[in-house]
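Observations on chain architecture
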Amino acid sequence: MSTQHQERARVDLLVTGAAEVLTCAAGAADLIGSTSGGVAVDGGLIVAVGDISSYAAELVIDARGGIVLPGFVDAHTHVVFGGSRAQEYAARVAGRQPPAGAVVGITGTMTATRAAGRDALRKQAAARLREMVEHGTTTVESKSGYGLDTETEIATLDTNRVLQQQLPVDLASTFLGAHAFPPGADQAAYVDLVVRLAQRVGAEGLAEFCDVYCDEGYFDLAQTERILRAGLEAGLAPKVHLDAYSHTGAAALAAELGATSVDHLNLTTDAELTMLGEAGVAGVYMPCLDYAVRHPQPLDPRRVLDAGMELALATDICPGCWTTSMQLAIQMACRAGGLSVAQALRAATLGSAAALGRADRVGSLEVGKQADLIVLDVPSPEDIAYRLGRNNVTTVVRRGRVVHESNPAPRPEETR
Ligand SMILES: [Zn+2]
């Protein structure tokens, strides 16, 4: 009788057969923590990464020579909205004005969102979120900001709460009552309303974050400060839509308040980025948005990294930038933004987790973290950036459960 083979520890799930496992662990010198072996999962958490030969499980996912990495974290979205701006988009790409009656701009979407009603709002957002999960996203930030009145802002945040219960994805809810001024509104009165709403949202636990669109024609520096401080007092961590179309000077405010993230950054100076880096504020890069609006000054994300900031990546899905795929964001971050594949993958996982204050729970494959992982049927990490416009994700595991599996899983060695 041999004692050579010890009893293997039983766990819920094993992932085996990967060409590479990318842990994206914080200290990884190559940014993505490329390793061989697999992942062992039990009780919804990761119990081993790399050598898993001492574990056994009933459920084994064979990655079939593909790549395993943490589920994507989408750090900035406006996924809950009513209506569509396809007519506006089509007109703008052709250099024309949108046709009469088309839904145009944030205030157009505001009208469509108010008219949609809670059920339709939830169903439309759920369809987009399911698509995001199928594309490998396991954590999504979701903002309000298309209601711009008490009833619809609260309804949007309540939709986040309901969707969190119904869908296999983690939602981080953000109050963005300060997305724009409703048409015809008295600005001072509207800022007062947003402050009161921030207090209510914090008290009722309807969001984690309070965000403000600080830009010319939107909320100025003083209004931004007042709203963010009210949010902070109510327990909502600050985020800022910063310098997308004009230089606002709000970077110093974000650093002073210890914002969790600053997003857009198109016109933020290098000195400000360095200050934000020293303050530990993450920077969110949204290459699909810069593309969809044909931004005159797209962000060069390498400036954010050079400044010592944690770089995050997001789809920014909204009526002006309709994409559910973090893979597309990665592809654009590399080709349009000049990031290396490793930099982009790191930003899409641990970087984005940092931009949601969740880097201790998600964003990397490390023992003790939430077992959110995906399998892609490509032979190398480089292929994730290289194979444009295809959904390379075949399996999505969230909290240790398979929540999406494409069927049948093609083999990466088959050249298509
Ligand atoms: Zn936004």
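That block above? That's the structure.
The following paragraphs examine the structure supplied in this document.

Conventions we followed
Residues numbered from 1 in each chain as written. Predicted model: local features only at pLDDT ≥ 70, side-chain atom pairs only at ≥ 80, totals over all residues. Heavy atoms only, no water. Phe/Tyr/Trp six-rings, centres within 6.5 Å; stacked < 30°, edge-to-face > 60°. Helix = DSSP H or I, 4+ residues; strand = E, 2+ residues; numbered from the N terminus. Buried < 20%, exposed > 50% of the residue type's maximum accessible area, 1.4 Å probe, protein only. Donors = N, O, S within 2.8 Å, 3.2 Å for Na, K, Ca; no water. Core = buried A, V, L, I, M, F, W, Y, C linked by side-chain atoms within 4.5 Å. Domains from an automatic or database assignment. Contact = heavy atoms within 4.5 Å. Pairing = 2+ DSSP bridges. Right-handed = clockwise from strand over helix to strand, strands pointing away. Axes fitted to C-alpha atoms, helices over the stretch in contact; angles between N-to-C directions. Expected span 1.5 Å × (residues − 1).

1. Considering the packing of aromatic side chains
Applying the stated rule across the entire model yields six aromatic pairs. Their ring planes at 90° and their centres at 5.3 Å tell us that Phe-81 and Trp-322 sit as a pair that is edge-to-face. Here Phe-81 is found in the loop between β8 (72-74) and α1 (86-93), whereas its partner Trp-322 is found in the loop between β15 (311-313) and α10 (326-335), with 241 residues between them in sequence. A relative accessible area of 0% means that Phe-81 is categorised as buried. Centre to centre, the rings of Tyr-190 and Phe-219 are 6.4 Å apart; their planes meet at 40°, and the pair counts as tilted.

2. So, the coordination of the zinc ion
Six octahedral donors around a metal ideally sit at 90 or 180 degrees from one another, while four tetrahedral donors ideally sit at 109.5 degrees. Around the zinc ion, the donor atoms from the protein are His-76 (NE2), His-78 (NE2) and His-241 (NE2), and they sit 2.0 to 2.2 Å away. Along the chain, the residues donating to the zinc ion fall in the pattern H-x1-H-x162-H. With His-76 in the loop between β8 and α1 and His-241 in strand β12 (residues 237-242), this pair connects stretches of sequence that are 165 residues apart.

3. Considering the nonpolar core
In this structure, Leu-69, Phe-175, Ile-227, Val-262, Leu-276 and Leu-313 are the most contacted members of the largest nonpolar core, which totals 102 residues. Two domains each donate at least three residues to this core, and these are domain 1 (9-70 + 365-405) and domain 2 (72-354). Once residues lying within four places of it in the same chain are set aside, the contact partners of Leu-69 are Leu-22, Leu-345, Thr-349, Leu-365, Leu-373, Ile-374, Leu-376 and Ile-384.

4. Looking at the pairing of β12
Among the six residues that make up β12, five are buried, leaving the element largely enclosed by the rest of the structure. Pairing between strand β11 (residues 209-214) and β12: six bridges, direction parallel. Within β12, the position partnered with Tyr-213 by the bridge is His-241. Note that the unit made of β11, helix α5 (residues 221-233) and β12 has a crossover that is right-handed. One ladder, built from four bridges, connects β12 with strand β13 (residues 261-264); its direction is parallel. Of the residues in β13, the one forming a bridge with Lys-239 is Ser-261.

5. Quick look at the sheet that holds β15
Judged by pairing direction, the sheet is parallel, and its eight strands sit side by side in the order β8-β9-β10-β11-β12-β13-β14-β15 without closing on themselves. Only two strands of the sheet have a single partner each, and these edge strands are β8 and β15. Adjacent strand axes in the sheet meet at a mean angle of 25°, parallel and antiparallel pairs treated alike.

6. Structural notes on helix α3 (residues 150-166)
Over its 17 residues, α3 extends 24 Å from the first C-alpha to the last, a length consistent with the 24 Å expected when each residue adds 1.5 Å. All of the buried residues in α3 are Thr-152, Glu-153, Ile-154, Ala-155, Thr-156, Leu-157, Asp-158, Thr-159, Asn-160, Val-162 and Leu-163.

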